[in-house]
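Letter by letter, the chains look like this.
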Amino acid sequence: MVNQHSIPLYQALLQAYEERFSGSRASEPDAIHKLRQNAFHTFQELGFPTTKVEDWKYTNVIPFLRENYTLSTTPQATATELEQAHQAAAIPGMDCYTLVLHNGQLQPAVDTNQLPAFLKVISIEEAMQEPSFQKHFGKIVDAGKHHFAALNTAMFTGGLFLEIDANSHLDKPLHIIHTYSSADNLFTQPRNLFVVNRSASLSIIESVVAPGNGATVFVNGLTEVAVAENANVQHYTLQTANEQLRNLHHTEVSQKRDSVYSGYTFSLPSAQLLRNNLHINLDDEHTETHLYGLYLANSKQLVDNHTFMNHRFANCESNEVYKGVLLDNAVGVFNGKVYVHQDAQKTNAFQQNNNLLLSPKAVINSKPQLEIFADDVKCSHGTTIGQLSQEAMFYLQSRGIGEDAARAMLVTAFAFDVTENIRIPALEEHINKLITQHIPAKQELVNV
Amino acid sequence: MANTVDSNELINEIATKEYEFGFVTDIEMDVAPPGLNEDVIKFISAKKEEPEWLLQWRMRGYKAFMKSEMPTWQNFEMPELDFQAISYYAAPKNKKKYESLDEVDPELLATFAKLGIPLNEQKVLAGVAVDAVFDSISVATTYKEKLKELGIIFCSISEAVQEHPELVQKYLGSVVPHSDNIFASLNTAAFSDGSFVYIPKGVRCPMELSTYFRINTQGTGQFERTLIIADEGSYVSYLEGCTAPMRDENQLHAAVVELIALDNAEIKYSTVQNWYPGDKEGKGGIYNFVTKRGACRGVNSKISWTQVETGSAITWKYPSVILQGDNSSGEFYSVAVTGNRQIADTGTKIYHLGRNTKSRIISKGISAGRSQNSYRGLVHVGAKAENARNFTQCDSLLIGDRCGAHTFPYIETKNNTAMVEHEATTSKIGEDQIFYLNQRGIDSEKAVALIVNGYAKEVLNQLPMEFAVEAQKLLSITLEGSVG
């Protein structure tokens, strides 16, 4: 058992809570104050998770927390920082609306004016009087169950509130750039709420970047997504931050009748720690959910994807495909749970996780789970761990394709089950390019 | 204690022995007072005339037990267990419950009839006094002579401690250490008896070894300990349990089974477990908390577990294989059927440590009524386990809308030459399949039995022949009344 008090961050958090959040704040409604208070008590009870906690069995987060972090919010991003962020997150050839959040703070960007009137984008602090905020905030995620979700709920600062009106369709994808950089080690906890009203549809691309070589930034983020009846959301997350980033992100989605949610998570080099919790609650019948994930990790990266499909109602369909490529000393974790409640008859749930181990030191821990309480269901999962097929390599080489090119080709093909489902051509091309770029030449593979 | 005393002599011998440790108690001499403490362990050890090292080992197990806490990770609510209410030593004698078959529960007799069990065996199983010499005892004696010729040792573990202490001391606790888990520690401290098998170098055991014969003469214990050693180039197939419902007064069963396969040796271990599952509300059933583990120590060695689990209120066990030797292989075949309020949390753990190791896991779970059936398994590939290969398939079948089927596989790979595959499905019996069979004049109940047997065939095929036939009938009986 780790003594929580031996972690300086724990002490700092207790102190910061006392100073900043324990009394009611003028800027926040009482309901939020109460929510913070309860969540903080939960966090004090739970503490930071050790590897004894089942959900953190393969991801020891404690060493990442041991450094000294400051908790103060950072000043406005400089023009250089914004420029760097745009560069790092650029997706060539993509036509989109762009927003930037620096260390969780929404930046006044030129683009906001061009957003259509039916789309509201404001900072989470500004949103607290919005009826949709009051209806959904803190009600989708159960902060009582998760260590970091509780901590985020208790002490979040910054983040984004996004709402699209009913029956509206956003013509271009919305590109949200989350950029992190700081001169001192920073612990930051942004909180987002996306509300997609009845019959609305949009595509969101969230890029997580940390350009430059600054100090360590530890992000404990949380996003709640409310998907109303008949709405359709495509939600892409692209993580390409530098080594200095440690990113825990919890996404909790609630889907209403006839809605479609497609979640895409691309974790690429080279943030030190990436942990994505993606929880989908199917809160009514006839919903459709697709989760696609691709993690390609190198150096000493630890990439951990936890998904939870919560089938509460009958006649829902879910489909999940996660592919992993592990290089160097990278450690990959996949934990996918499908939970079918007793009343969720006629559920159709599919889950697949495939992994390629391309280095002798790479590690993969895969834990697919099914918990089924209804009988009239079709549920299955599959996991594989393996290498590139020697025959396929030989075939390509015998056709005059160089070894490195052949390898990159096969890895891209391996990822195809995920990438082919990307609905934005420019993004698909960009991701395929990133995959190829990170597949090392043979020499490097041997020397690890 | 001589090794071939017949059971009556044994009982007399123990019953007439002086009560050594000064318990002031009114109960019979051959039963220790309830509760576990160092005195009780010394008492058990002394009764069995055990050497000092074994007593010390029991004490280490006791200390580990006292330090352990009850695990909380299992997928069911742990019943309250009062370890101090259990009596840890009872002389091995069969208690007779009834005077004649007429007094036995007619439902039980009906089950026997369906399984086709001979009358004499029925009596023994139900706990009826048998006057005549029971057939299988003489059969067992003939077997024993044949085995002796080949140098095979097959006896109770107490006997082995007396006769072959060097083998027991070398291997006992080498696969399941005394501090492995709370129930293994408890077993180490208080194990009553169990089987010991040693197959010498290059010997292929000509017959299936079965506890079934032994149990009738020696009496089974609540804390059984089984140790099987297959020396270089040997082969043995071992059967445990039987298909008939066993009457048993002990609610908690915490057995330990250790298998050791040396170079080129093979052990095949089959279990059919059909202990009392409790009434329809699940009251009074057996808790089957068993630690089973095999070590493939030698090169090219092989261990295979096959289990058919239909009984017990709670079945909680993970027969495991440690693949240490190069080119060794492990297999796990399981059918777990749960009905009413039964709970099964079972599966396997395979550790790939040597090079070119292979493993195969086939698990079929069938849940009916209000039961919960979980598969929990681990496939671990160590950093040095080059070219490890695993295939896992676990399927669940749900019959009725109040039961649950759960799958918790853990796959850990630290070597990039490993090939690991896992797949799991959960579904119910297709209405079209039942309709097809109905239409051919087969009623729904028989249709379900037919489909379930087909579903479990991959596992049942692994059982020795007579066992397989009985197991098929058993599946049908367990699922009776779960349709419609």
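These numbers come from a predicted model, not from an experiment.

## A look at the overall build of chain A
Phase 1 of the analysis: Regarding its fold elements, chain A presents ten helices and 20 strands.
Phase 2 of the analysis: In summary, chain A has a C-alpha radius of gyration of 21 Å against a globular reference of 22 Å for 448 residues, a match within 12%.
Phase 3 of the analysis: Principal-axis analysis of the C-alpha atoms places the extent of chain A at approximately 70 × 50 × 50 Å.
Phase 4 of the analysis: Within chain A, the fraction of its 448 residues that count as buried is 51%.
Phase 5 of the analysis: For chain A, contacts bridging at least 24 residues in sequence account for 84% of all contacts bridging at least 6.

## Section: the packing of helix H8 (residues 403-419) of chain A against helix H9 (residues 425-438) of chain A
In helix packing, the relevant descriptors are the interaxial angle and the interaxial distance, both defined with respect to the helix axes.
All names here are of chain A.
Phase 1 of the analysis: Where H8 meets H9, the axes come as close as 10 Å, and the angle between the chain directions of the two elements is 145°. Every pair of crossing elements has a handedness; the one defined by H8 and H9 is right-handed. Residue-level inspection shows Ala408, Val411, Thr412, Ala415 and Thr419 of H8 in contact with H9, the latter providing Glu428, Ile431, Asn432, Ile435 and Thr436.
Phase 2 of the analysis: Taken together, the residues that form the contact of H8 with H9 break down as five nonpolar, four polar and one charged.

## Examining the confidence of the model for chain B
Residue and element names in this part refer to chain B.
Phase 1 of the analysis: When the pLDDT values of chain B are averaged, the result is 80; 77% of them are 70 or greater.
Phase 2 of the analysis: Per-residue pLDDT stays below 50 along residues 127-139; that stretch engages in 25 contacts with residues further than four places along the chain or on separate chains.
Phase 3 of the analysis: For residues 213-220, every residue scores under 50 in pLDDT, and the model assigns this stretch 20 contacts once sequence neighbours within four places are set aside.
Phase 4 of the analysis: Among the prediction metrics, the complex's ipTM stands at 0.87, with pTM recorded as 0.86.

## Considerations on the environment of B:Ile366
Residue and element names in this part refer to chain B.
Phase 1 of the analysis: Inspection of the secondary structure puts isoleucine 366 in strand E16 (residues 358-368).
Phase 2 of the analysis: Along the backbone, isoleucine 366 and valine 337 are 29 residues apart, and their C-alpha atoms lie at a distance of 4.8 Å.
Phase 3 of the analysis: Those residues within four positions of isoleucine 366 in sequence are excluded, and the remaining contacts are Val337, Leu397, Ile399 and Val452.

## Side note on the UniProt feature "domain: SUF system FeS cluster assembly SufBD core" (unreviewed entry) in chain A
Phase 1 of the analysis: The UniProt record marks residues 182-414 of chain A with the feature "domain: SUF system FeS cluster assembly SufBD core" (unreviewed entry), using the residue numbering of this structure.
Phase 2 of the analysis: The span residues 182-414 of chain A shows a helical share of 9% and a strand share of 58%, and its end C-alpha atoms are spaced 37 Å apart.

## Topic: H8(A)
All names here are of chain A.
Phase 1 of the analysis: Given a rise of 1.5 Å per residue, 17 residues ought to cover 24 Å, and the 23 Å separating the end C-alpha atoms of H8 matches this to within 8%.
Phase 2 of the analysis: Of all the bends in H8, the greatest, near 30°, is centred on alanine 413.
Phase 3 of the analysis: Buried within H8 we find Ala406, Arg407, Ala408, Val411, Phe414, Ala415, Val418 and Thr419.
Phase 4 of the analysis: Tucked into the core, H8 has its buried residues touching strand E14 (288-297), strand E16 (317-326), strand E18 (348-357), helix H7 (390-398) and H9.

## Digging into the interface of chain A and chain B
Phase 1 of the analysis: At the interface, 31 residues of chain A touch 30 residues of chain B.
Phase 2 of the analysis: For the side of chain A that touches chain B, the elements supplying multiple residues, two or more each, are strand E19 (363-372) and strand E20 (378-386) of chain A.
Phase 3 of the analysis: With ten residues, the single largest contributor to the side of chain A that touches chain B is E19(A).
Phase 4 of the analysis: When the residues that make up the side of chain A that touches chain B are grouped by side-chain class, the tally is 14 nonpolar, eleven polar and six charged.
Phase 5 of the analysis: Judged from the six bridges that link them, E19(A) and strand E19 (residues 404-413) of chain B form a sheet pairing that is antiparallel. Within E19(B), the position partnered with A:Ile364 by the bridge is B:Thr413.

Reading the values: the criteria
- Residues numbered from 1 in each chain as written.
- Chains lettered and ligands numbered in written order.
- Predicted model: local features only at pLDDT ≥ 70, side-chain atom pairs only at ≥ 80, totals over all residues.
- Helix = DSSP H or I, 4+ residues; strand = E, 2+ residues; numbered from the N terminus.
- Rg over C-alpha atoms; globule rule 2.2 N^0.38 Å.
- Buried ≥ 20, exposed ≤ 12 C-beta atoms within 10 Å, placed from the backbone.
- Contact = placed C-beta atoms within 7 Å.
- Axes fitted to C-alpha atoms, helices over the stretch in contact; angles between N-to-C directions.
- Left-handed = near helix turned anticlockwise from the far one by under 90°.
- Nonpolar A, V, L, I, M, F, W, Y, C, P; charged D, E, K, R; others polar.
- pLDDT = per-residue confidence, 0-100.
- UniProt positions renumbered as here; feature names shortened; annotations may be inferred.
- Expected span 1.5 Å × (residues − 1).
- Bend = angle between axes of the 7 residues up to and from the residue.
- Pairing = 2+ DSSP bridges.

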